[in-house]
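So the chains spell out like this:
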Amino acid sequence: MKKINRTISLFAAAAMCAALLCSCGEVTESSQADSSSKAATTTTDTETTTKASESSTATVTSAAESSTPDSSSAVSDDNDTNSITPAMWKVTSPEGNTMIMLGSFHALKDECYPLPEAITNAYNNADILAVECDITATQEDGEYMKNLMKQMLYNDDTKLSQHISEEAYSALQTYLGYWGMDISTLEVYRPWAISSTLDTLLIQDSDFDSEKGLDNYLLTTAHADGKEIYEVESVDFQLNMLINFSDDIYDLMFRSYEGETKDSQKQSLEDLYAAWKSGDIETFLEEDNDEELAGYTEEDKATAEDYNNQMLYDRNKNMAKAAEDLMSEGKNVFYVVGAAHYAGEGGIIDLLEKDGYTAERVQY
């Protein structure tokens, strides 16, 4: 079976939503503030979330303006491209209709641009860009961000330590220390807000940028080109999934920080990035052996299975169905979702092949 993998969660739904949460500096700032400012925050939740929303909108807008690669230089016929070879397939339906499918990495570095010609050709030749969800409009929606901020906080007079075990609290406390954050100042925040903020901090500290993620880049370009965009899911769907993960899931997720450091998490991220660049998608979902599962109770294994089903396998079925529907309609689509969704048994490619489709890896 597969344990809850803190880093892999960055490249399924959590990573798509991390682009939204890059603006949620409220969590970090609250942790690094003194206890008096924390008290002010907890007694004036409405004022705090409103101000955070206003600052978040400005942050996102500024980030988009400064860090998104120039679309004219990437989706072009420019020969000055790099040597990345992420996994891409030409899928053919039983009826003979075809689709190009690409596994994306939701946060990238400057070195990935301009994109390889095989990717730019797939984009330019398609009439429709299919993605997990279109986050570009929501990023600048102040009201949406304001409501999101409110959902980061407990509103039932409970606190974090009442929702997770002492073991999870201790592991999280230690890991937060590597980021200069004090867990006692985060008691008002719900687990999904803390988890997503840590994901975002890891991306930023590792020289990755969700604004430069493949999905975000292609979406920005598609909007500029007037290309049709098809959302396989939605921002609301992904956020609701994160927000509604059980306390048991977040408890196990936070316990997985035991023994981890900022450097070890950054290395895990770099390892996945290297695998993505070379098209090695199987690395994303390697099974854990008995030694790696040591310490997992039967309850933990059931919780990890629940998490993996919600984060990956249940969604993979819907993603495969969406691809089949688009092909049955004869749509000319470039289909781009997180690379982890294609990998292994129960991945999109496996599901399509079981339904009689053929998938051929695109050579760069």
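Each remark here, short or long, concerns the structure printed above.
Residues numbered from 1 in each chain as written. Predicted model: local features only at pLDDT ≥ 70, side-chain atom pairs only at ≥ 80, totals over all residues. Heavy atoms only, no water.

Trainee: How would you sum up the overall build of the protein? Please name residues and give values.
Mentor: Along its length, the protein carries 15 helices and six strands. A buried classification covers 53% of the 364 residues belonging to the protein. When contacts within the protein are restricted to residue pairs at least 6 apart in sequence, those whose partners lie at least 24 apart make up 86%. Approximately 15,100 Å² of the protein is accessible, and the part contributed by carbon and sulfur atoms is 42%. (Helix = DSSP H or I, 4+ residues; strand = E, 2+ residues; numbered from the N terminus. Buried < 20%, exposed > 50% of the residue type's maximum accessible area, 1.4 Å probe, protein only. Contact = heavy atoms within 4.5 Å. Areas by Shrake-Rupley, 256 points an atom, 1.4 Å probe, with all protein chains shown as cover.)

Trainee: Run through the sheet that holds strand β2 (residues 98-104), naming residues and quoting values.
Mentor: An order of β4-β3-β5-β2-β1-β6 is seen for the six strands of this open sheet, with the pairing classed as mixed. Two strands bound the open sheet, and with one partner strand each, they are β4 (228-231) and β6 (358-361). Within this sheet the neighbouring strands show an average axis-to-axis angle of 25 degrees, counted without direction. Where strand β3 (residues 128-131) and strand β5 (residues 333-338) come together, four bridges link them in parallel fashion. (Pairing = 2+ DSSP bridges. Axes fitted to C-alpha atoms, helices over the stretch in contact; angles between N-to-C directions.)

Trainee: How would you sum up helix α12 (residues 247-255)? Please name residues and give values.
Mentor: Burial analysis of α12 places seven of its nine residues in the buried class, which makes it a mostly covered element. Every buried residue of α12 is accounted for by Ile249, Tyr250, Asp251, Leu252, Met253, Phe254 and Arg255. For α12, the secondary structure elements touched by its buried residues are α8 (166-178), α9 (191-205), α11 (235-244) and α14 (298-328).

Trainee: Account for the side chain of Asn316, with residues named and values stated.
Mentor: Its location among the elements puts Asn316 in helix α14. Asn316 sits in the buried class, given a relative accessible area of 0%. Among all residues touching Asn316, those that are not within four sequence positions of it are His341, Gly346, Gly347, Ile348 and Leu351.

Trainee: Before we move on, could you go through the packing of aromatic side chains and cite the residues and values that matter?
Mentor: Scanning all chains against the criterion turns up 12 aromatic pairs. Ring geometry for Trp89 against Tyr342: centres 4.8 Å apart, planes inclined by 25 degrees, an arrangement best described as stacked. Here Trp89 is found in strand β1 (residues 88-92), whereas its partner Tyr342 is found in the loop between β5 and α15 (348-354), with 253 residues between them in sequence. Of the two residues, Trp89 and Tyr342, neither departs from the other in class, the shared state being buried. On the numbers, 6.1 Å between centres and 35 degrees between planes, the contact of Tyr250 with Phe254 is tilted. Here Phe254 and Tyr250 lie together in helix α12, a separation of four residues that amounts to about one turn. Taken as a pair, Tyr250 and Phe254 share a single burial class, namely buried. Site record: aromatic cluster; members linked through ring pairs are Phe105, Phe208, Tyr273 and Trp276. (Phe/Tyr/Trp six-rings, centres within 6.5 Å; stacked < 30°, edge-to-face > 60°.)

Trainee: I'd love a proper account of the environment of Lys317, names of residues and values included.
Mentor: Tracing the chain through its elements places Lys317 in helix α14. Exposure remark for Lys317: the relative accessible area of 53% places this residue in the exposed category. For the pair Lys317 and His341, spaced 24 residues apart in sequence, the C-alpha separation works out to 9.6 Å.

Trainee: Account for the environment of Lys262, with residues named and values stated.
Mentor: Tracing the chain through its elements places Lys262 in helix α13 (residues 262-278). Put simply, Lys262 and Tyr175 are 87 residues apart on the chain and 7.4 Å apart in space, counted from C-alpha to C-alpha. In this structure, Lys262 is in contact with Tyr175, Tyr178, Trp179, Leu202 and Asp205, ignoring residues within four places of it in sequence. Here the side chain of Lys262 touches Tyr178 through a polar contact of 3.4 Å, landing on its backbone oxygen. (Polar contact = N/O pair within 3.5 Å; in protein donor to acceptor, adjacent residues only side chain to side chain.)

Trainee: Lay out α8 in plain terms, naming residues and giving numbers.
Mentor: Taking 1.5 Å of rise per residue, the 13 residues of α8 would be expected to cover 18 Å, and the 19 Å separating its terminal C-alpha atoms lies within 8% of that figure. Among the residues of α8, those classed as buried are Ala168, Tyr169, Ala171, Leu172, Tyr175 and Leu176. For α8, the angular spread of buried residues about the axis comes to 165 degrees, placing them on one side. Here the buried face of α8 lies against α9, α12 and α13. Just downstream of α8, Gly180 is the residue with a positive phi angle, here 70 degrees. (Expected span 1.5 Å × (residues − 1). Arc of directions from axis to C-beta.)

Trainee: Account for the nonpolar core, naming residues and giving values.
Mentor: Core analysis: the biggest nonpolar cluster contains 104 residues, and Leu198, Trp276, Phe334 and Tyr335 have the highest contact counts within it. Of all the elements, α14 adds the most residues to this core, at 10 residues. Dropping the residues within four chain positions of it, Leu198 is found in contact with Leu172, Tyr175, Leu176, Trp179, Met181 and Tyr257. (Core = buried A, V, L, I, M, F, W, Y, C linked by side-chain atoms within 4.5 Å.)

Trainee: Now, about the packing of α11 against α14: what can you tell me, with residues and values included?
Mentor: For any two helices packed against each other, one specifies the crossing angle of their axes together with the interaxial distance. As a packed pair, α11 and α14 sit with axes 12 Å apart at the nearest point and diverge in direction by 140 degrees. It follows that α11 is oblique to α14 by the angle criterion. In contact with Phe237, Gln238, Met241 and Leu242 of α11, α14 contributes Gln310, Met311 and Arg315. Here the residues of the contact of α11 with α14 sort into four nonpolar, two polar and one charged. (Parallel < 35°, antiparallel > 145°, perpendicular 65-115°, else oblique. Nonpolar A, V, L, I, M, F, W, Y, C, P; charged D, E, K, R; others polar.)

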